[in-house]
Amino acid sequence: MWDVIKSVLAAFFGVQQDQRRRKDFEQGKPGAFILIGILLAFLLVVIVFAVALMAAG
Amino acid sequence: MAPQSPPKATLEHSQSASGSATADGFQEEHHYRSGPLRWLLTTNHKEIGSLYLIFSLAMFMIGGAMALVIRLELFQPGLQMIQPEFFNQMTTMHGLIMVFGAVMPGFVGLANWMIPLQIGAPDMALPRLNNFSFWLLPIAFTLLLSTLLMPGGGPNFGWTFYAPLSTTYAPPSTTFFIFALHMAGISSILGAINIIATILNLRAPGMRLMDMTLFVWTWLITAFLLIAVMPVLAGVITMMLLDINFGTSFFNAAGGGDPVLFQHLFWFFGHPEVYIMILPAFGIVSVIIPTFARKRLFGYASMVYATAAIAILSFLVWAHHMFAVGLPLVAELFFMYTTLLIAVPTGVKVFNWITTLFRGEITFETPMLFALAFVVLFTIGGFSGLMLAIAPADFQYHDTYFVVAHFHYVLVPGAVFSIMAAVYYWLPKWTGHYPDERLGRWHFWLSVIGVNLLFFPMHFAGLAGMPRRIPDYALQFADFNMASSIGGFLFGFSQLLFIWVVVKCVRGGVKAPANAWDGATDLEWTVPSPAPLHTFETPPDLRDFKFH
Amino acid sequence: MRKGFALAALLAGLSGQFPISHATGWNMPVGVSQVSRDVYDLHMIIFWICVVIGVVVFGVMFYSLFRYRRSKGAKAAEFHEHTTVEVVWTAIPFLILVAMAIPATATLKNMYDASEADYDVMITGHQWRWQYDYMGEDVTLFSNMSTPKAQIAGTEEKGEHYLLEVDEPLVLPVDRKIRLLTTSADVIHSWWVPDLAVKKDAIPGFVNESWTRIDEPGIYRGQCTELCGKDHGFMPVVVHAMEQEQFDAWLAERKQAAAAEAGGVDREWGLEELVERGEKVYATVCASCHQAEGQGLPPTFPALAGNQALMDDLDRHIDVVVNGVSGSAMASFSGTLSPVDIAAVVTFERNAWGNETGDVVQPADIQALIAP
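In short, a report on the structure. (Residues numbered from 1 in each chain as written. Chains lettered and ligands numbered in written order. Predicted model: local features only at pLDDT ≥ 70, side-chain atom pairs only at ≥ 80, totals over all residues.)

### Some thoughts on the packing of helix 6 (residues 271–290) of chain C against helix 9 (residues 339–349) of chain C
All names here are of chain C.
Link 1 in the chain: Look at helix 6 against helix 9: their axes get within 7 Å of each other, and the N-to-C directions meet at 95 degrees. Overall, the two elements helix 6 and helix 9 adopt an arrangement that is roughly perpendicular. For the pair helix 6 and helix 9, contact is made by L271, L274, V275, R277, G278, E279, V281, Y282 and C286 and by D341, A343, A344, V345, T347, F348 and E349, respectively. (Axes fitted to C-alpha atoms, helices over the stretch in contact; angles between N-to-C directions. Helix = DSSP H or I, 4+ residues; strand = E, 2+ residues; numbered from the N terminus. Parallel < 35°, antiparallel > 145°, perpendicular 65-115°, else oblique. Contact = placed C-beta atoms within 7 Å.)

This is the structure we're talking about:
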């Protein structure tokens, strides 16, 4: 689970080591990546929105 | 997206890839009709790909002719050639035709031709649907163009067709415009479904997702974007249809409607649409640069991830087109931050291309020239995009020629140059002949000079205060506009040379071997040139194949 | 190489030219308010950031293109991945952008704070002119482009402020906070004055808020920046900023004129004076759609000359002008034209271009229709 989150975060950042990527594609379940990806995308929206709210005072 | 990895050793029927293609290819020809019906009824991905590309080129010339009408009127201050009503129709039709008729079908044509060849599939997954998606387009655009001849003229409200100018205040032909756009939208959705089905199901045994070329990857992600946003466009134009013909008030403030809602819906479609027109270009350039640098693409995985990140972020930035509509401060900040964020993965792509060049073994054939010009000029378009992202400064840039310069840099030396690069790159595979290198270089240099002379002065015109979509302008903008017009005519007429190069290449030229470029390594270069009508009827053996 | 030329041109063009205080050069004007100067600074910061990134990125690119040519005997290296480098070049742009977002946020917050204004002006966009209401002062202006048609057609020499001149500029005092409320009576327009760094869409059914505080007296010119139909290119914005005393005198004079105008409603008007006044109203308000000779632009804008159905029905004619035609481009003019102007223009239309009805419409009757 933590590995999946780490991989998805790496994907958001856009950089991933070749080994880890290979491992993900050979052992990971696609459903888990998609679910975590959607959740983290949602989280990103919430975080940016919170920052905007704070900045707006 | 199943990350499947079929064991590579289970292929029993393997032959050499090129051998199987040649042997099977020509025996199948009797399935096909002769004469014009053959083109109407064809289900072959190569023929449909060619149809798309020819259609795209035709639309490029029609949309380009309209741009030249615009540039002719703007050559000098004052109204010389045309009246404002017609000028507005020209700007609107130019935008619609270039976006929906030239760039998108151009990429779909390349996808049709090259995706099956790059993944070792015999054809697209849904060949009849493929035929239908193509033939919707000529009908849609004939209908769209015919509105110019209707009473009251064609669409005159800009390619973004903001309500209520496009509803309550629109010419009677708007209903036809809506139907035309619906058809183009259906065509795109069906095409996207076909591409996804093909990529996910028809890869040759042994090819995993991360073995695919960047062109296939970017198209996979683009196709998902298309399916996600084309229905939003369909929704918003249907609401327009109801407002115009059935007395609803979705966008009519007098009836309790909301004109800003239109813009939110339009740009929720429109911003991902921008990436629909640029992601396949990224893919093309990521295939061409390694070929002519003779070096593997740097950071392949990062490129895939960056494409996915751009696709996701593209749904979160739409209101940066609407900074001046009076959004609340929080929304303004949110969209400014997300827009700045999207610059990061885009930057990563540029860095990767340049690092691919670093310590390569570079030659400068025509496709490479176009790809390199893409990198430089697209980046300039990216810089002005970064400037536009700064919301307070955007109040000054918004709806001026600075924006026109920005998106034309992204779309013309961006998307259009990538399509030209792809055509020069794959013409040997399509026709069996190399395009004329000398003419190709002429075409390239004339286009590069023309395109910069055309669009670079627009930055200055915009900063100096010239609004977009005006048929006449104040005297201080005169020099910029004259330079732009000269550049426009140079660029426009250079494209006749492009047509000549393509026609000449189809008719003959230096024979190309199966692998036309010595640095090319992808799967399409294992089949003969020209590619026979049927390829990969038995899947290629990829046990010893070296992916990208 | 040549592609770098574009960048060099940009550098040369911009660095040689600024600072420029008015919108006539190659760069964004610095402008005449604190906000416009802040915006200009942001613009130049982000521009120089782009220049620096561009020099580095294109520098590496052209070095590679030059150094690693096959014709120079280059042999391709094997590397294709380097995690550290990739992390660094992802992180650096991110940090630059965060640094950029901070001053941008501050400026934006300032631009959004329209509280405690000294004056409120309501700006209403019409196809194709601007209406300015000084709220609480009972003064309303209509601002039409004043460039003669002959200059546009090229039969007359173009003046210095070609397309950027109006009959009635928006007059504002300097050193006062002015709240600008923008809305529209028909389609979306956008009110822009580059020297003030104010651009706000005027949207039917919405009232948008922005503000400015002008530092120097002067005349500042801008244009409508949202496509609003046929004459989008011909609806300039002109702001005339003056010292407070001058502004007060101007405002008092305008109030007097408005009061005198209101008095005109009650008296009986003759055919000739109505036609004379109506001709002017027609030229500024109606002619852009219905055309100078009343021939219209069918089917969107119907003809008035020789429109027998309309000439046979006076009540319908008045109704169309007063209330507009819902679902069409014909706006209601009850809020934007005075009863005298409506009476005058209807009278004019019924007695011009061969429409010889002889009808005279009295302002008092229109007044009764609008406010019974």
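### So, the sheet that holds strand 9 (residues 218–223) of chain C
Residue and element names in this part refer to chain C.
Link 1 in the chain: One open sheet accounts for three strands, arranged 4-10-9; its pairing is mixed. The open sheet has two free edges, formed respectively by strand 4 (170–173) and strand 9, since each of these has just one partner strand. Put simply, the sheet's adjacent strands are angled 25 degrees from each other on average, direction ignored.
Link 2 in the chain: Here strand 4 runs beside strand 10 (residues 236–242); their pairing, made up of four bridges, is parallel. Paired with P173 across the strands is M242, a residue of strand 10.
Link 3 in the chain: Contacting strand 4 and strand 10, helix 5 (residues 244–263) crosses the sheet at an angle of about 135 degrees to strand 4. (Pairing = 2+ DSSP bridges.)

### Details of unusual backbone geometry
Link 1 in the chain: Here the bond from B:S529 into B:P530 is cis, since omega is -5 degrees, no more than 30 degrees from zero.
Link 2 in the chain: Along the chain, B:P530 turns up in the segment after helix 16 (478–507).
Link 3 in the chain: A cis geometry characterises the amide bond from C:Q127 onward to C:W128, with omega recorded as 0 degrees.
Link 4 in the chain: In the Ramachandran plot, B:R469 falls in the positive-phi region, its phi being about 60 degrees despite a non-glycine side chain.
Link 5 in the chain: Along the polypeptide, B:R469 turns up in the loop between helix 15 (437–463) and helix 16.

### Points about the interface of chain A and chain C
Link 1 in the chain: Listed as interface residues are seven residues of chain A and, on the opposing side, seven residues of chain C.
Link 2 in the chain: Partitioning the side of chain A that touches chain C into residue classes produces four nonpolar, two polar and one charged. (Nonpolar A, V, L, I, M, F, W, Y, C, P; charged D, E, K, R; others polar.)

### Notes on the interface of chain B and chain C
Link 1 in the chain: On the side of chain C, 84 residues touch chain B, which itself brings 86 residues to the contact.
Link 2 in the chain: Of all the secondary-structure elements, those providing two or more residues to the side of chain B that touches chain C are helix 4 (84–119), helix 8 (259–276), helix 10 (300–313), helix 11 (329–357), helix 12 (366–389), helix 13 (391–397) and helix 15 of chain B.
Link 3 in the chain: Counted by class, the side of chain B that touches chain C contains 57 nonpolar, 19 polar and ten charged residues.

### Overview of the environment of C:S210
Residues and elements named next belong to chain C.
Link 1 in the chain: Of note, S210 is situated in strand 8 (residues 208–212).
Link 2 in the chain: Spatially, the C-alpha atoms of S210 and D113 are 7.9 Å apart, while their sequence positions differ by 97 residues.
Link 3 in the chain: With residues up to four places along the chain from it excluded, the contact list for S210 reads A114, L180, V198 and K200.

### Side note on helix 14 (residues 401–431) of chain B
Link 1 in the chain: By the largest-angle criterion, B:Y425 marks the main kink of helix 14 of chain B, which is about 40 degrees, and a proline, B:P428, follows within four residues.
Link 2 in the chain: For helix 14 of chain B, the tally of buried residues reaches 30 of 31 residues, placing the bulk of the element in the interior. (Bend = angle between axes of the 7 residues up to and from the residue. Buried ≥ 20, exposed ≤ 12 C-beta atoms within 10 Å, placed from the backbone.)

### Comments concerning the environment of C:A257
All names here are of chain C.
Link 1 in the chain: Structurally, A257 is set in helix 5.
Link 2 in the chain: Judged by the 11 C-beta atoms lying within 10 Å of it, A257 falls in the exposed class.
Link 3 in the chain: Residues A257 and A287, 30 residues apart in the sequence, show an inter-C-alpha distance of 26 Å.

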